Amino acid sequence: MQQFNCPFCGTRDQSEFTYGREVAPVPALDASPADWQRFVYERDNPCGAHAEWWHHNHGCRQWLEIVRDTLTHEVLEIKAARRSKERA
Ligand SMILES: [Zn+2]
């Protein structure tokens, strides 16, 4: 079983986490229906490094941004997904 090193809880089994989606900018509330369709339904399917949002639902309940290699399942980076005040 794969393990993720949560920045808040430490190393935990993947079964504690739920996949959210690939990391992508959220469209503005007044964005076109085509932009929202792209965000909600369409996914890239990269071969290699892929940034994904995961929820640590059986731990700290934080959303995490995990960069994972889709070929090897190697976890390349894990960080909190929340925005810092500088980016807001
Ligand atoms: Zn956690």
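Source: prediction; values computed, not measured. (Residues numbered from 1 in each chain as written. Predicted model: local features only at pLDDT ≥ 70, side-chain atom pairs only at ≥ 80, totals over all residues.)

So, the environment of Arg-12
Working step 1: In this structure, Arg-12 sits in strand β2 (residues 10–13).
Working step 2: Residue classification places Arg-12 among the partly exposed positions, given that 17 C-beta atoms sit within 10 Å.
Working step 3: When the C-alpha atoms of Arg-12 and His-58 are compared, they prove to be 9.7 Å apart, with 46 residues separating the residues in sequence. (Helix = DSSP H or I, 4+ residues; strand = E, 2+ residues; numbered from the N terminus. Buried ≥ 20, exposed ≤ 12 C-beta atoms within 10 Å, placed from the backbone.)

Examining the pairing of β2
Working step 1: Direction of pairing for strand β1 (residues 3–6) relative to β2: antiparallel, over a ladder of four bridges. When the sheet's bridge partners are listed, Cys-6 is paired in β2 with Gly-10.
Working step 2: Between β1 and β2, which pair antiparallel in sequence order, lie three residues. (Pairing = 2+ DSSP bridges.)

Topic: the sheet that holds strand β5 (residues 63–69)
In any sheet, the strands associate via hydrogen bonds between backbone groups, in a parallel or an antiparallel arrangement.
Working step 1: Taking strand neighbours across the sheet as the criterion, the four strands line up as β3-β4-β5-β6 in an open arrangement whose pairing is antiparallel. Every other strand in the sheet has two partners, leaving β3 (18–22) and β6 (75–80) as the edge strands with one partner each. Each strand of the sheet is rotated relative to its neighbour by a mean of 30°, with strand direction disregarded.
Working step 2: Relative to strand β4 (residues 49–55), β3 runs antiparallel, the two sharing four bridges. Each bridged residue has a counterpart across the sheet, and for Arg-21 the counterpart in β4 is Trp-53. (Axes fitted to C-alpha atoms, helices over the stretch in contact; angles between N-to-C directions.)

Description of the nonpolar core
Working step 1: Counting residues in each nonpolar core, the largest one holds six residues, listed as Phe-4, Cys-6, Phe-17, Trp-54, Leu-64 and Ile-66.
Working step 2: Elements that contribute at least two residues to this core include exactly β1 and β5.
Working step 3: Dropping the residues within four chain positions of it, Ile-66 is found in contact with Phe-4, Glu-52, Trp-54, Val-75 and Ile-78. (Core = buried A, V, L, I, M, F, W, Y, C linked by C-beta atoms within 7 Å. Contact = placed C-beta atoms within 7 Å.)

Points about unusual backbone geometry
Working step 1: Here the phi dihedral of Arg-61 falls at roughly 65°; this positive angle occurs in a residue that is not glycine.
Working step 2: Within the secondary structure, Arg-61 sits in the loop between β4 and β5.
Working step 3: Within the chain, His-73 stands out as a residue other than glycine whose phi angle is a positive 65°.
Working step 4: What makes His-73 exposed here is the crowd of 9 C-beta atoms within 10 Å.

A look at the environment of Asp-44
Working step 1: Turning to its location among the elements, Asp-44 is positioned in the loop between α1 (33–41) and β4.
Working step 2: Separated by 15 residues in sequence, Asp-44 and Gly-59 have C-alpha atoms that sit 28 Å apart.

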